[in-house]
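# Structural overview for review
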Amino acid sequence: MAVSMLSVCVGHSKNWTMDVNPSGKRRVFVQTETGSVLGLELDRSDNAHTVKRRLQLALNIPTLQTSLSCGDMILKNDLSTVRNHSPLLLTRNCLHRSSSSPCLSPSPKDVEETDTRGPIEVIGCANHFPGTKQLVKEIVEAMMNGIDPVPIHSGLGGAYLFRGCNGENIAIIKPTDEEPFAPNNPKGFVGKALGQPGLKRSVRVGETGFREVAAYLLDYDGFANVPLTALVKVTHSIFNVNNDGMSGNNHLQMEQLSKIASFQKFIPHDCDASDHGTSSFPVAAVHRIGILDIRILNTDRHGGNLLVRKLSSVERFEQVELVPIDHGLCLPETLEDPYFEWIHWPQASIPFSDDELQYIAKLDPFHDSDMLRLELPMIHEACLRILILCTTFLKAATTFGLCLAEIGEMMSRDFQGRMDEPSELELICIKARSMLHVREIEDFVVKADDDEFQFDFECDDHEQDLPKNSSRYLEDKPVTKNKHHSRINDLNGTNSLFSLAENGDKGQDEHVMAKGSFSCGVGNWGLNLGGGNPPHTSSENMILHDQISGDSSYVTLADMTEEEWPEFLINFQKLLYPAFMNHKAQSMGQGLR
């Protein structure tokens with residue numbers, strides 16, 4: 001099972017190719033950290049300096065001490081790697097604002113002279129978003145007839161209903177610079193620049209829009225019923241601009257402001273899941289939405305972002321359809337605690353159907369990540385690793401026979417008092433990560449033996465000789481040579497990795513945390529990652545201590561090298577089967593108690 005997961009699947013494959021401008025020029029969309037946007041045509045002579053100069057002239061903003069980036073890539077000068085229709089972000093190198101060089105809003109005259117495209121322009125290949133052109137055409141025609149969009153007052157971020165000629169709702173547009181904490185948020189949630197940590201530390205301000213698009217692109221064949229979603233550059237005077245960091249509806253009179261935003265087709269509905277009894281929800285709909293949520297590690301699946309449509313035909317009396325929306329907090333950059341409201345619904349405990357299992361079996365996380373890199377060049381590599389990890393976990397769990405609720409439980413953290421404990425999925429990742437560094441130590445010891453070098457852990461003079469990434473995973477406490485190899489054997493799995501253990505006293509949570517033993521289920525059963533080692537002696541416990549004492553994210557995948565990442569995935573998959581067995585045993589133990 002561990003090896004087969006890494007093979008390339010052929011299911012759900014599409015020929016994703018980026019459209020090329022016949023003129024040979026590339027069109028990019030440059031956004032400043034305060035939200036101003038400019039569409040530019042690049043030729044081969046353009047570089048980062050010429051782009052900054054054009055921004056300075058068109059938007060009247062300072063460009064000294066600034067950096068131009070596209071996702072994880074900082075564009076020093078050469079722009080040859082920038083693809084057509086890529087969104088770029090201009091940020092200042094210094095986080096502190098200078099009162100002598102304010103970032104001003106774009107001058108309408110300058111924008112019109114530089115960017116004469118239509119009021120709504122799709123970012124990316126329009127062929128990948130069927131129906132978008134027609135929706136845009138209807139909205140533009142309505143705008144020309146004086147039908148303006150309407151602000152949506154609910155929610156934490158700025159959102160606008162764009163309508164058709166008859167006043168019907170066509171699409172919901174959410175500007176990226178009006179997200180919670182973004183500089184132009186109209187509801188008072190301001191204070192950060194684009195690119196800084198947002199509502200969740202692993203989702204940056206201004207980046208929920210492309211995550212909405214990613215969820216739509218990953219929903220192959222409309223399996224989970226995600227509405228049509230695209231990334232657009234949209235120009236209108238209704239958008240909000242905050243002056244001097246103060247929130248409010250400060251629309252610059254009659255100025256046409258361009259912004260990058262998510263564009264989602266409006267779905268007529270009767271209510272949302274929070275206002276409707278969940279017992280009538282179709283099992284297939286709950287399963288399909290849950291499958292998507294697991295793949296993208298959705299950290300915000302609550303009843304308010306599940307639309308409910310009542311089917312009116314006689315044959316479908318009292319039947320409903322579910323439409324999932326608001327996927328801006330999916331694909332975090334670290335392994336977060338997800339929120340799956342469906343986890344306690346009875347539908348989630350029903351086994352998957354054959355069609356659902358077949359769909360999951362055809363999923364190829366490596367193809368999915370390649371597709372997103374191509375279609376959303378600004379996406380971070382850390383987000384793609386989360387996608388690969390969670391899809392791999394889903395495929396293995398369904399092969400083992402777990403239901404949707406059980407998979408969700410293994411991915412969710414357990415809260416004990418005021419503290420949350422790592423989920424079973426996080427514990428597996430921590431163990432897989434520790435196995436990488438044990439291999440590093442083994443390789444180092446073998447090399448030392450070949451060189452007839454006397455390696456002594458008790459000698460402080462040789463600490464600098466340890467591999468760079470392994471030193472911080474070793475205890476400060478001296479370790480004798482005769483115990484070194486036995487510890488490596490323990491961490492490599494010679495001793496039992498997943499053992500059922502009874503924690504006699506719940507009041508000793510802090511002591512248990514320090515030992516590296518976490519209760520991952522309910523009651524007194526737990527996963528013991530110590531492998532039989534005495535307290536405070538394994539490098540694995542140090543990893544646990546370092547992760548827990550820091551940020552709320554226990555597992556970070558982005559800092560692994562290209563060589564470590566595949567090896568980590570192999571280790572991860574080797575640990576899944578015993579983890580699933582352990583979870584089943586925990587569930588049986590809970591039932592017996």
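Described below are features of the structure shown in this document.

Cut-off values and rules
Residues numbered from 1 in each chain as written. Predicted model: local features only at pLDDT ≥ 70, side-chain atom pairs only at ≥ 80, totals over all residues. Heavy atoms only, no water. Helix = DSSP H or I, 4+ residues; strand = E, 2+ residues; numbered from the N terminus. Buried < 20%, exposed > 50% of the residue type's maximum accessible area, 1.4 Å probe, protein only. Contact = heavy atoms within 4.5 Å. Areas by Shrake-Rupley, 256 points an atom, 1.4 Å probe, with all protein chains shown as cover. Pairing = 2+ DSSP bridges. Axes fitted to C-alpha atoms, helices over the stretch in contact; angles between N-to-C directions. Expected span 1.5 Å × (residues − 1). Core = buried A, V, L, I, M, F, W, Y, C linked by side-chain atoms within 4.5 Å. Domains from an automatic or database assignment. Phe/Tyr/Trp six-rings, centres within 6.5 Å; stacked < 30°, edge-to-face > 60°. Salt bridge = Lys/Arg side-chain N within 4 Å of Asp/Glu carboxyl O. Patch = residues over 30% accessible without salt bridge, like charges linked within 9 Å, V, L, I, M, F, W, Y side chains within 5 Å. Parallel < 35°, antiparallel > 145°, perpendicular 65-115°, else oblique. Left-handed = near helix turned anticlockwise from the far one by under 90°. Nonpolar A, V, L, I, M, F, W, Y, C, P; charged D, E, K, R; others polar.

### Observations concerning the overall build of the chain
Regarding its fold elements, the chain presents 14 helices and 19 strands. Relative to its full complement of 593 residues, the chain shows a buried share of 54%. In the chain, the proportion of contacts linking residues at least 24 apart, taken out of those at least 6 apart, comes to 72%. For the chain, the accessible area works out to roughly 26,900 Å², and carbon and sulfur atoms hold 51% of it.

### Some thoughts on the sheet that holds strand β2 (residues 37-42)
Strand order in this open sheet of five strands is β2-β1-β5-β3-β4, and the pairing throughout is mixed. With partners counted over all chains shown, the strands left at the sheet margins are β2 and β4 (73-75), one partner each. When the angles between neighbouring strand axes are averaged without regard to direction, this sheet yields 35 degrees. With four bridges joining them, strand β3 (residues 66-70) and strand β5 (residues 86-92) adopt antiparallel strand pairing. The partner of L68 across the bridge, within β5, is L90.

### Details of helix α8 (residues 381-400)
Residue pairs three or four apart in sequence face the same way in an α-helix, which turns once every 3.6 residues. The end-to-end C-alpha distance of α8 is 29 Å, a good match for the 28 Å that 20 residues give at a rise of 1.5 Å each. Burial analysis of α8 places 17 of its 20 residues in the buried class, the great majority of the element. Directly after α8, the chain includes G401, whose backbone phi takes a positive value near 115 degrees.

### Regarding the pairing of strand β14 (residues 320-324)
The buried fraction of β14 amounts to four of the five residues, a majority that puts the element mostly inside the structure. In this sheet, β14 lies alongside strand β13 (residues 306-310) in antiparallel orientation, the contact comprising five bridges. Within the sheet, the bridge partner assigned to L306 lies in β14 and is P324.

### Some remarks on the nonpolar core
In terms of nonpolar packing, the biggest core is built from 106 residues, with L372, F393 and F568 touching the most fellow members. Of all the elements, α8 adds the most residues to this core, at 11 residues. Two domains share this core, each providing at least three of its residues, namely domain 2 (118-242 + 255-266) and domain 3 (288-298 + 332-444 + 555-592). When near neighbours in sequence (up to four residues on either side) are disregarded, F393 contacts I407, M410, M411, L425, I428, F572, L576 and F580.

### Observations concerning the sheet that holds strand β12 (residues 271-272)
Read across the open sheet, the three strands follow the order β12-β13-β14; overall the sheet is antiparallel. Looking at which strands have only one partner, the edges of the open sheet turn out to be β12 and β14.

### Quick notes on the packing of aromatic side chains
Scanning the entire structure with this criterion turns up 10 aromatic pairs. Ring centres of F400 and F580 lie 5.3 Å apart, and the angle between their planes is 45 degrees; on these two criteria the pair is classed as tilted. In this pair, F400 is assigned in helix α8 and F580 in helix α14 (residues 564-592), connecting sequence segments 180 residues apart. Aromatic pair W565 and F568: ring centres 5.8 Å apart, planes at 15 degrees, arrangement stacked. With W565 and F568 both in helix α14 and three residues apart, this pair spans about one turn of that helix. Here W565 falls in the buried class, since its relative accessible area comes to 8%. Residue classification places F568 among the buried residues on the basis of a relative accessible area of 1%. Taken together, the aromatic side chains of F393, F400, Y577 and F580 make up a single cluster linked through ring pairs.

### Things to note about the pattern of salt bridges
With the rule as written, the count across this model stands at 20 salt bridges. A salt bridge links E121 to R27, with the nearest nitrogen and oxygen atoms 2.5 Å apart. Here E121, found in strand β6 (residues 120-123), pairs with R27, found in strand β1 (residues 26-32); they are 94 residues apart in sequence, far enough to count as distant. Considered together, E121 and R27 belong to a single accessibility category, that of buried residues. When salt bridges with common partners are traced through the structure, they connect R27, E41 and E121 into a single cluster.

### Things to note about the side chain of T63
Assignment of secondary structure puts T63 in the loop between α1 (48-59) and β3. For T63, a relative accessible area of 11% translates into the label buried. Once you skip the residues sitting within four places of it in the chain, T63 turns out to touch K52, Q56 and L90.

### Notes on the pairing of strand β9 (residues 169-175)
One ladder, built from four bridges, connects strand β8 (residues 160-163) with β9; its direction is antiparallel. Note on β9: the bridge partner recorded for R163 is N169. Linking two consecutive strands that pair antiparallel, namely β8 and β9, is a turn of five residues; a positive phi of about 85 degrees is found at G167 within it. Judged from the five bridges that link them, β9 and strand β11 (residues 257-265) form a sheet pairing that is antiparallel. Opposite P175, over in β11, you have A261 as the bridge partner.

### Concerning a nonpolar patch on the surface
A cluster of nonpolar side chains, contributed by L156, F189 and L199, occupies part of the molecular surface with about 260 Å² of accessible area. Following the sequence through the fold, L156 ends up in the loop between β7 (150-151) and β8. Classification of L156 as partly exposed rests on a relative accessible area of 40%.

### As for the packing of helix α4 (residues 208-218) against helix α7 (residues 365-375)
Close contact between α4 and α7 brings their axes to 11 Å; oriented N to C, the two are set at 135 degrees. Comparing their axes, α7 and α4 come out oblique. Seen along the crossing, α4 lies across α7 with a hand that is right-handed. Residues A214, L217 and L218 of α4 lie in contact with α7, whose contacting residues are D368, M371, L372 and E375. When its residues are assigned to classes, the contact of α4 with α7 shows five nonpolar, no polar and two charged.

### Concerning the packing of α7 against α8
At a closest axis distance of 9 Å, the pairing of α7 and α8 adopts a crossing angle of 155 degrees. Taken as axis vectors, α7 and α8 run roughly antiparallel relative to one another. As for the relative orientation of α7 and α8, their crossing is right-handed in sense. Taken together, the residues of α8 that come into contact with α7 (itself represented by P365, F366, D368, S369, L372 and R373) are E381, L384, L387, I388, T391, T392 and K395. Partitioned by chemical class, the residues of the contact of α7 with α8 number six nonpolar, three polar and four charged.

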